[in-house]
Amino acid sequence: MSGPRHDRLRRHPTTGPYNSLFPWPDAKHPLRVMVNYAVILVCRISPSLPLKNWLLRRLGVTVGDGVAWGLESTPDVFWPELITVEDHAIVGYDATLLCHEFLQDEYRTGEVVVGERAMIGAGAIVLPGVEIGPGAQVAANSLVTEDVPADTTVAGVPAEPLSDEDADAADEAS
């Protein structure tokens, strides 16, 4: 592994005959995860942006002013406190912000930061440790595995920067 995202991840080795998902209750109290899940479920279906922002702040998500969460968007259920969404950012319909990844012999956690006025498109997935720069755009259904610089548009699986011509064509199409 290399790159800034992986450098920011905290590794938690697990022991035993099973993969790292089995001992998750040692990492987070099951009741806390159940409460997080219930609150996030309400947020996913609520059309009220102020309500979503208020509820997510109660879970520990850092939510700036004027943040918009699309319907069905999902912040991390296990570690929502590792998410920061700065002022006037948009997290699109059914987008997912993950702050953990369970692997065979370890699980990893990392902060996700969505910069001011950044936009995460519908169905996009942002992996732990990723920073989306201010004014950056993530296209719909993209998988963000690396940081996105400010004012850059990325698309694809994995998400990669679009050329200026690609970005202009995407803007004209929308």
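None of these values were measured; they are calculated from a predicted model. (Residues numbered from 1 in each chain as written. Predicted model: local features only at pLDDT ≥ 70, side-chain atom pairs only at ≥ 80, totals over all residues. Heavy atoms only, no water.)

S.K.: Looking at this model, I keep getting lost on the nonpolar core. Mind explaining?
M.R.: Side chains that are nonpolar tend, in soluble globular proteins, to be buried together. W69, V85, L97, V114 and I132 are the most contacted members of the largest nonpolar core, which has 38 residues in total. Breaking this core down by element, the ones donating at least two residues are α3 (30-45), α4 (49-58), β5 (83-85) and β10 (112-114). When residues of this core are assigned to their parent elements, the largest contribution, 4 residues, is made by α3. (Core = buried A, V, L, I, M, F, W, Y, C linked by side-chain atoms within 4.5 Å. Buried < 20%, exposed > 50% of the residue type's maximum accessible area, 1.4 Å probe, protein only. Helix = DSSP H or I, 4+ residues; strand = E, 2+ residues; numbered from the N terminus.)

S.K.: What is the right way to look at a nonpolar patch on the surface in this model?
M.R.: Together, L31, M34 and V35 make up an exposed nonpolar region whose accessible area comes to about 290 Å². Inspection of the secondary structure assignment puts M34 in helix α3. Judged by its relative accessible area of 55%, M34 falls in the exposed class. (Patch = residues over 30% accessible without salt bridge, like charges linked within 9 Å, V, L, I, M, F, W, Y side chains within 5 Å. Areas by Shrake-Rupley, 256 points an atom, 1.4 Å probe, with all protein chains shown as cover. Salt bridge = Lys/Arg side-chain N within 4 Å of Asp/Glu carboxyl O.)

S.K.: So what exactly am I meant to see when it comes to the sheet that holds strand β17 (residues 160-161) here?
M.R.: Pairing in this open sheet of 6 strands is mixed, and the strands run β3-β6-β11-β14-β16-β17 from one edge to the other. Here the strands that pair on one side only, and so sit at the sheet edges, are β3 (68-69) and β17. Bridge analysis of strand β6 (residues 90-91) against strand β11 (residues 119-120) gives 2 bridges, and the strand direction is parallel. The residue bridging I90 from the neighbouring strand is M119, located in β11. (Pairing = 2+ DSSP bridges.)

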